[in-house]
Amino acid sequence: MFGGHLGTGILMTGNLPTAQTPSTPSPPPVPPSPGAGAGFRHVWPSHLGRLVLTLLAAAVVVLEYGFFSPPAPVWVMHMIQCLALMGYALELQRRHRRGNDPFATPRGRWIEIGLFALALFGLVMSLAVSAKPYWHLIEAVAIWFFLMEAWRLNVALSRALARPGLLLPLSFALLILIGTPLLMAPRATPHVFDPILNVYVPAGEPITFGEALFTATSAVCVTGLIVRDTAHDFTPFGQAVIGSLIQLGGLGIIIFGSMLVTLLGQSLSLKENVSLRDMLNDQPMHKLRGFVRFIVLTTLGIELIGAAIMYPLWDDPVGGVLTTGERVGMSLFHAVSAFCNAGFDITGHSLVGYRHAMLTHAVIIPLIVVGGLGFPALENLFSVARARITVRLRYRPIRPGIPVDLTAGRLSLHTKIVLAATASLYLWGVVTIGAGQLMPYLHESMQQGMTAHADRPDPLTVSTFGGLLADASFMSITSRTAGFNAMPMDELQPAGRFAVMTLMMVGGSPGSTAGGFKTTVIALLALSVVATIRQRPRAEAFGRTIADSLVRKAATIGLCYLLLVTTSTMLLCLSEPFTFQSLAFEAVSASTTTGLSLGITADLTGFGRAVIIATMFLGRVGPLALLGAMTFARATDRPYRYPHESVALG
C-alpha cells in the first residue's frame, strides 16, 4: 500500500511505528550540565579584579608615552603603577593559597616570581641611580601581566561559549578596539608646539575616530588600505602601534596567546585545541603545542633575518643619510609588513623608489612568498629537509617501543597542492601582466595609436623589456594579498589590472598570514572540474583521492567570497562617484585583505569607508569563522533520505 507513495515521499530507513505500539512514559528530565563555563564563574570576580589592576599598570605606560602632557605628574603615575603591581601580586598570592586558581601551574608560578623580582630590581635601580632605562623593566612586566590576564579572560570566554568559532572574530574586534584609541593618542600623530597657547597642537588635520578605526582595522586585518599616509601622518610611536597590530593580526591572537600559555606550563582546553586545529589546517591535536611553537619561532626568526638583510639597503629619499635608528625601524617595520602580507610602508611611496632594486626583488619577494605559503606547508618542508639531512648524516635504526613518524620524509598532499598552485599562479600573473604591459608597444609598432603612453619616448629595448618582466614578476607576487607596489598603479594596463584582481581573489595558502579564498580552494575546484570532465567520481591529485566534503567546503568558501565582493561593490557603486573599475578593484582588495588601490581610498565618503571597514573585517575573519561554524555545526543524522531527481544544468 506504500508502493505508490515512494516516488514522491521519503525513503524510510527505520521501522514505521504501528498503532498498537504502546506509548512509553517519558523519562524524567535530566538536569543540565554545568558546562565548561560554570567552572569559571567563581573565578570571575577575582579574575576581573586582576585584569583591572594589570590594565591600570599598563595604562600608565600609554598615558606616559602617548601624550605630550600626561594627566598627572610622572612620579604619581609611577607610584600608581607600582601600587597596581603590588595589588596584583597580593591577589595572586591569595589565589595560590586558596588553591582554586584553574590557571596556576608550578612553572607559571616560578615565572611570576621571576617577573616580580625583575620589577623589584628595576624599582631599586631607578631609585638608586635615577636611570630611566631601569624603569622600562617595570613597564615591560606590567604589559606582560596585562597580556596574560587578557588571555586568561579569553580562555574563560572560550570555555564558556557554546561555539568556540566566535572566539576568533571577537578577538580581532577587541584588538581593533584597543588599537583605535592608541592611534588617536597625541604622540601617535605629528604635533607642533604652539608658544602662544603653550600646548602641542596637530601639525595638520587631527586624526578622526573614523580614520583611526579604518587604520586599525586595516592593520589588524593585514590589508594595507590607508586613509592616512603611514610615513608622514604618523610618528614612530604611531608606526610602532601599526606594526604591532599587523604582527598580532597577521598570526592571530589565539596563536600568540597559546604560546604564552605554553610558556607558563598551562594546558589548553579541548575547545581551544579544536579552534587552533581548525585555524592551522587540521593539525593533529597532539602536535598543536609544538606547531604553535614552530609558528612563533619561525615568524620571529624569518622577520629578524629579513630585517638584518634590509638594514644596509635603505636610501634616504631626499639624498641625506639615514640614522641607525631610522634604518632599524624601517627594516623591522617592512620585514613584519612583508611577511604578514600587510602592504603597509613607511617610505611614503611604497616600493616605487626601489622599483628594480635588490631590496624589492631579493628581500621583499621572498618574505612575501614564505609568509603566503602557510605554516602547515612550511612545517612539512622543514620536517622533510630535517629528515633527509638526518638520513645523510647518520643512520638511526628503528628501536622497539619508540614511535616512528613515517610521514616525516615526504611531502604531504597539502604541501604539493600549495607549491603547485603557487607556481601556477605566479606564472599566470607574469604572463598576463607582462603581456598587458607589452600591448602599448605592440599597438604603437602596428601604428594603431592604442597606447596609454603615447608620449613616452623610450623604445622597447632589452633593458626596457627586462624592466617590464621585473615589474610583472613583482606584481604577480604582491597581488596575492601582499599589497606592496613597485610601480605606479596608473601605469598598469587594463589587462594587468584584471590579472591583479584575479590574483587578489585567490590570495595565499591556508594557515598563512595572507588573505583571499586561498590557493587550495581554487586548486580543489579546478581538480573537481577536471574530474567531472574526465568522468571520474572523485577529485584526484598526486595519486590521492580528495574527499567530496572538502570540495563542498571549497565551493562554499569561494561562493561566500564572491558574495562579499558583489555586495561590497554594489554598496560602493551606490554611494561613491568613481568608475566601476576603481570601485570593483577597491572591493576586491578589501575583501581579500590585499591593500592595492587605484587611488580612491582616501577620497571615499564616510559610508564608503564604513563599507570597506566591514569588508576588510569579514574578509579576514569570515572564512575562518565560516569553517568553524561548519565544523561545530551539529550533524543531523536523519533516519531517512529524500529521493533523487535530476536537474538541468545547461
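Residues numbered from 1 in each chain as written. Predicted model: local features only at pLDDT ≥ 70, side-chain atom pairs only at ≥ 80, totals over all residues. Heavy atoms only, no water.

Caption draft 1: Just the overall build of the protein chain, in detail. Across its full length, the protein chain holds 21 helices and six strands. When contacts within the protein chain are restricted to residue pairs at least 6 apart in sequence, long-range pairs at least 24 apart make up 73% of them. Summed over its atoms, the accessible surface of the protein chain is roughly 33400 Å², and 68% of this surface lies on carbon and sulfur atoms. (Helix = DSSP H or I, 4+ residues; strand = E, 2+ residues; numbered from the N terminus. Contact = heavy atoms within 4.5 Å. Areas by Shrake-Rupley, 256 points an atom, 1.4 Å probe, with all protein chains shown as cover.)

Caption draft 2: Main features of the side chain of Ser 582. One can find Ser 582 in helix 20 (residues 580-591). A polar atom in the side chain of Ser 582 sits 3.0 Å from the side chain of Thr 579. Dropping the residues within four chain positions of it, Ser 582 is found in contact with Leu 598 and Ile 600. (Polar contact = N/O pair within 3.5 Å; in protein donor to acceptor, adjacent residues only side chain to side chain.)

Caption draft 3: Seen up close, the pattern of salt bridges. Scanning the entire structure with this criterion turns up seven salt bridges. For Glu 211, the salt bridge identified is with Arg 228, shortest N-O distance 3.0 Å. You can see Glu 211 sitting in helix 7 (residues 209-220) and its partner Arg 228 sitting in the loop between helix 7 and helix 8 (236-251), a full 17 residues away along the chain. Relative accessible area serves as the criterion here: at 13%, Glu 211 is assigned to the buried category. On the basis of relative accessible area, Arg 228 is assigned to the buried category, the value being 12%. (Salt bridge = Lys/Arg side-chain N within 4 Å of Asp/Glu carboxyl O. Buried < 20%, exposed > 50% of the residue type's maximum accessible area, 1.4 Å probe, protein only.)

Caption draft 4: Spatial organisation of a nonpolar patch on the surface. Residues Trp 75, Met 79, Leu 83 and Met 86 make up a contiguous nonpolar surface patch of about 480 Å² in total accessible area. By the secondary structure assignment, Met 79 is in helix 3 (residues 74-98). Residue class for Met 79 comes out partly exposed when judged on its relative accessible area of 44%. (Patch = residues over 30% accessible without salt bridge, like charges linked within 9 Å, V, L, I, M, F, W, Y side chains within 5 Å.)

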